[in-house]
Amino acid sequence: MSQLDDAAKRFIGPLRLNDGFDQLALDELCRQIDRFGHRWRTSEVIPKSAALILSELYPAISACADLYSGDERRRMIEAAVRVGERVAYALDPRGEPGT
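Rules of the game
Residues numbered from 1 in each chain as written. Predicted model: local features only at pLDDT ≥ 70, side-chain atom pairs only at ≥ 80, totals over all residues. Heavy atoms only, no water. Core = buried A, V, L, I, M, F, W, Y, C linked by side-chain atoms within 4.5 Å. Buried < 20%, exposed > 50% of the residue type's maximum accessible area, 1.4 Å probe, protein only. Helix = DSSP H or I, 4+ residues; strand = E, 2+ residues; numbered from the N terminus. Contact = heavy atoms within 4.5 Å. Salt bridge = Lys/Arg side-chain N within 4 Å of Asp/Glu carboxyl O.

Peer 1: Residues and numbers for the nonpolar core, please.
Peer 2: Counting 29 residues, the largest nonpolar core has Leu4, Phe11, Leu29, Ile33, Leu57 and Val83 as its most contacted members. At the level of secondary structure, the elements contributing two or more residues to this core comprise helix 1 (2-16), helix 2 (23-40), helix 3 (48-65) and helix 4 (70-91). A total of 8 residues in this core trace back to one element, the largest contributor, which is helix 3. Setting aside chain neighbours within four positions, we find leucine 57 in contact with Ala8, Ile12, Leu29, Ile33, Val83 and Val87.

Next up, the structure:
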């Protein structure tokens, strides 16, 4: 679980500090969601620590978008949607893979 938490912090931390958008960190976060999601799609339960991390991703990224303007703000909103879709797919065996 620490890999998912670390990936979330590496992407969201700089956003909160107004340090800008890191595409590589976003890609790693999505990889970690997909990796864990592969196991979770067929599981009846997931760890509470994972649920907490996943539940905070979309709102945290969306809130950070308000710190920015223009293209960076648009990229963050798109990132929030991308992450949200991946989380939904990770938890729903009938879901569709994100982009």
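Peer 1: Provide a residue-level description of the pattern of salt bridges, including the pertinent values.
Peer 2: For the structure on display, the rule yields 7 salt bridges. Lysine 9 serves as the salt-bridge partner of aspartate 5, at 3.1 Å between the closest nitrogen and oxygen. Here the residue aspartate 5 and the residue lysine 9 both occupy positions in helix 1, the gap between them amounting to 4 residues, near one helical turn. Take aspartate 5: its relative accessible area is 24%, and that puts it in the partly exposed class.

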